[in-house]
Amino acid sequence: MLNTIGVIGLGVMGSNIALNMASKGEQVAVYNYTRDLTDQLVQKSSGKAISPFYEVQDFVQSLQTPRKIFLMVTAGSPIDSVIQSLIPFLEAGDVIMDGGNSHFEDTARRYDELKQKGIGYLGIGISGGEIGALTGPSIMPGGDKDVYEKAAPILTKIAAQVDNDPCCTYIGPKGSGHFVKMVHNGIEYADMQLIAEAYTFLRKRLALPVEEIADIFESWNHGELKSYLIEITAEILRKKDELTGLPLIDVILDKAGQKGTGKWTSLQAIDNGIPTSIITESLFARYLSALKEERLNAQEILTGPENDQAHLDKELWIDNVRQALYMGKVCAYAQGFTQYKMTSDLYSWDLPLKDIALIFRGGCIIRAEFLNVIGEIYEGQPNLANLLIAPYFTEKVKDYQKGLRKVVSEGINSGISFPCLSSALTYYDSYRTGMSNANIIQAQRDYFGAHTYERTDADGFFHTNWQS
C-alpha cells in the first residue's frame with residue numbers, strides 16, 4: 001500500500017506531526033537526513049502506520065500521486081537543500097509543504113521556482129509547540145488555493161478542533177501563510193512580555209509571594225483574560241525547584257532567548273511603515289535581558305527613585321494590574337491584526353482576518369478567550385482599520401485605561417521597567433490623538449533639509465525659507 005503523505009525532518013516537531021498524522025488514519029512515510037532520528041521515531045510509533053525510509057528516492061516513490069510531502073526542517077538553506085534533493089523524483093502536480101518557521105519572502109521565492117516546474121508549494125505556519133504538533137496545532141497554509149485543496153483533507157484532520165471546526169484555513173497566496181505565522185509570533189512576544197510585566201508589579205511593588213501570584217493568574221484564567229499563556233504562567237509559578245525547594249522561577253536565569261520571528265515581524269513593519277511598537281519593545285526587552293553582566297554592573301552604579309513608596313491597597317491594585325494587562329493585550333493584538341491588514345492591502349493578499357482569529361483559538365500559543373470576539377468583529381467589519389475602534393473594545397479600554405495608567409505611572413515612580421505596558425499606553429494615546437506633534441517634525445525637516453510640508457488649509461507641498 002502506498003503512503004498518503006510523507007514527512008521529512010524528524011526532530012521533536014516533525015516526529016510529533018508524523019505521529020499526529022498516523023493517529024488520524026494516514027499512512028505516513030518518514031525520512032530524516034540522519035538515520036538516528038528515524039530509528040527513534042520507529043521505536044515510538046509501534047503499531048502506528050509509519051513507514052521509515054533511508055533514501056530520498058525510496059521515500060518519494062512510496063507516496064501516492066499526487067505526492068504530498070511535509071517538511072519540518074530548519075529554516076533557511078536546509079529547506080532549499082531538501083527541495084533540491086526531492087526535485088529529481090517529483091512530477092508535475094506533486095505538493096511540497098514547508099511547516100517550519102521560514103521567512104515569508106523565502107517561501108514566495110521557493111513557490112515561484114517550483115511553480116515553473118509544475119510542483120505545488122505551500123508555506124504552512126504551525127503553532128502549538130511540540131504538544132500541539134502531536135495533538136492538534138493551529139495551521140496557516142499559504143499558496144495556490146487548488147494546491148491547498150489537495151492537502152486540506154489531511155491538514156484539517158490533524159489541526160486542533162474548536163466547536164467542531166478545524167483550526168486550519170486557507171490563508172492566501174505565496175508566502176502569506178508564513179507571514180501570518182510570523183506576525184503571530186510577534187504577538188506572542190508581546191503577550192509574554194506583558195504577562196511578565198504584570199507579574200513584576202505583583203511581585204516587586206505589591207511584594208506578593210509567588211504562590212499568591214500563581215493563585216491570581218489562575219483566577220484571571222477563569223475570566224476575560226483566559227488564555228494559554230495565562231494558564232501556563234500560573235503553572236510555572238507553582239513549580240518548585242527539586243534541588244533548592246525554592247520556586248523554580250527564582251532560579252531561572254533572566255536572559256530571554258529568541259529565534260528570529262519576532263525580529264522579522266518588527267523589520268517587516270518598519271520597512272512598510274506599520275506601527276508595531278509593543279511587539280518591537282518586547283523584542284528589545286529580550287535583547288536587553290541578554291546583557292546580564294552589564295545589568296549587574298549597572299545595578300551597582302546607577303540609582304533609581306528614593307525608596308519611600310506609599311502602601312498600596314492590595315485588592316485594588318491587583319485589579320488595576322488585571323485591567324492593565326487586558327488593555328495591553330488588546331493593544332498588542334490590535335497592532336498585530338493591523339499589520340495583517342496593511343500588509344494584505346500592500347500585497348493584495350485579501351487575508352481572511354476573521355478566519356485567522358478563529359484558527360488561533362485552538363492549538364496555538366496565543367489562543368485566548370477574546371479571539372472569539374475578534375472573529376465576530378471582523379465578520380461584521382472585515383475592513384476595520386484597527387481593533388481599538390470596534391465598539392466592544394472601545395468600551396473595554398474606556399474603563400481599563402484607568403488601570404493601565406495607574407500601573408504604568410506607579411511603575412515609573414517606583415523605578416520598574418515596563419516597556420510593553422508603557423508602549424501600549426503610548427500607542428493608545430497616540431492613536432486617539434487627532435492633532436499630533438508631527439507638524440513640528442515636518443517643520444524641522446523642511447528647515448534643515450528642504451523636505452517640504454503639507455498645509456491644513458491648502459492642497460500641495462510647500463517649502464519655507466525659515467532663515468529669511
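Residues numbered from 1 in each chain as written. Predicted model: local features only at pLDDT ≥ 70, side-chain atom pairs only at ≥ 80, totals over all residues. Heavy atoms only, no water.

You can read the domains of the protein chain as domain 1 (5–170) and domain 2 (181–432). A straight line from the C-alpha centre of domain 1 to that of domain 2 covers 32 Å. At the interface, 23 residues of domain 1 touch 19 residues of domain 2. Taking both partners together, domain 1 and domain 2 bury about 1500 Å²; carbon and sulfur atoms supply 68% of that area. A per-residue breakdown of the area domain 1 buries against domain 2 is headed by N101, F104 and M140, which together make up 32% of the total. When the shortest N-O distance is used, the salt bridge between R361 and D163 registers 3.6 Å. Across the domain 1-domain 2 interface, the total number found is 5 residue pairs in polar contact (both at pLDDT 80 or more). The set of elements that each furnish at least two residues to the side of domain 1 that touches domain 2 consists of α5 (104–115), β6 (120–127) and β7 (138–142). (Domains from an automatic or database assignment. Contact = heavy atoms within 4.5 Å. Buried area = accessible area lost by both parts, 1.4 Å probe. Salt bridge = Lys/Arg side-chain N within 4 Å of Asp/Glu carboxyl O. Polar contact = N/O pair within 3.5 Å; in protein donor to acceptor, adjacent residues only side chain to side chain. Helix = DSSP H or I, 4+ residues; strand = E, 2+ residues; numbered from the N terminus.)

Another aspect to go through is the environment of D165. Locating D165 in the fold gives a position in strand β9 (residues 165–166). Judged by its relative accessible area of 41%, D165 falls in the partly exposed class. Once the C-alpha coordinates of D165 and I359 are considered, the two residues, 194 residues apart in sequence, prove to be 8.7 Å apart. (Buried < 20%, exposed > 50% of the residue type's maximum accessible area, 1.4 Å probe, protein only.)

The strands making up a sheet associate through hydrogen bonds between their backbones, and the pairing can be parallel or antiparallel. In spatial order, the strands read β3-β2-β1-β4-β5-β6-β7; together these 7 strands make up an open sheet with mixed pairing. Since the sheet does not close on itself, it has two edges, and those belong to β3 (50–52) and β7, each with one partner. For this sheet the average axis-to-axis angle between neighbouring strands, irrespective of direction, equals 25°. Direction of pairing for strand β4 (residues 68–71) relative to strand β5 (residues 95–98): parallel, over a ladder of 4 bridges. Bridge assignment links F70 to a residue of β5, and that residue is M97. Against the sheet, helix α7 (residues 145–158) touches β1 (5–8), β4, β5, β6 and β7, its axis set at about 25° to β6. (Pairing = 2+ DSSP bridges. Axes fitted to C-alpha atoms, helices over the stretch in contact; angles between N-to-C directions.)

This paragraph deals with unusual backbone geometry. The peptide bond linking T65 to P66 adopts the cis configuration, its omega dihedral lying at -5°. Examined against the element boundaries, P66 turns out to sit in the loop between α3 (56–61) and β4. Of note in the backbone geometry, D163 takes a positive phi value of approximately 55° without being a glycine. Along the chain, D163 falls in the loop between β8 (161–162) and β9. Taking the relative accessible area as the measure of exposure, D163 reaches 61% and is therefore exposed. Even without being a glycine, N164 presents a positive backbone phi close to 65°. For N164, the position within the fold is in the loop between β8 and β9. Overall, the relative accessible area of 76% leaves N164 in the exposed class.

As a further point, take the environment of K263. You can see K263 is positioned in helix α11 (residues 261–271). Sequence separation between K263 and T280 is 17 residues; the distance between their C-alpha atoms is 7.6 Å.

With that settled, consider the packing of aromatic side chains. Overall, the coordinates contain 23 aromatic pairs when judged by the stated rule. A connected cluster of aromatic rings, assembled from ring pairs, spans F104, F179, F337, Y340, Y347, W349 and Y378. Between R35 and the ring centre of Y54, over which it is positioned, the NZ or CZ distance is 3.9 Å. Here K396 stacks its cationic end above the ring of Y326, 5.8 Å away from the centre of that ring. (Phe/Tyr/Trp six-rings, centres within 6.5 Å; stacked < 30°, edge-to-face > 60°. Lys NZ or Arg CZ within 6 Å of the ring centre and 35° of its normal.)

Before going further, it helps to spend a moment on the UniProt feature "active site" (unreviewed entry) in the protein chain. The sites that UniProt annotates as "active site" (unreviewed entry) are K181 and E188. Restricting the annotated residues just mentioned to those that line the largest cavity leaves K181. Mapped onto the elements of the fold, K181 is located in helix α8 (residues 176–205). In this view, K181 contacts N101, G125, I126, S127 and M140; residues no more than four positions away in its chain are not counted. With respect to the secondary-structure elements, E188 resides in helix α8. (UniProt positions renumbered as here; feature names shortened; annotations may be inferred. 1 Å grid on protein atoms, 1.4 Å probe; cavity = no way out; pocket = protein on both sides within 12 Å on 5 of 7 lines; lining within 4 Å.)

A few words on the pairing of strand β2 (residues 28–31). On β2, burial covers both faces: V28 and V30 on one face and A29 and Y31 on the other are all buried. Taken together, the 4 bridges between β1 and β2 define a ladder with parallel strand orientation. Bridging across to β2, I8 finds its partner in Y31. Once you follow β1 into helix α1 (residues 12–23) and on to β2, the crossover reads as right-handed. Bridge count for β2 against β3 is 3 bridges, and the pairing is parallel. (Right-handed = clockwise from strand over helix to strand, strands pointing away.)

Burial along β5 is two-sided: V95 and M97 facing one way and I96 and D98 facing the other are all buried. The parallel pair β4 and β5, bridged by helix α4 (residues 77–86), forms a crossover whose chirality is right-handed. Relative to β6, β5 runs parallel, the two being bridged by 4 bridges. Within β6, the position partnered with I96 by the bridge is Y121. Between the parallel elements β5 and β6, the chain passes through α5 in a crossover that is right-handed.

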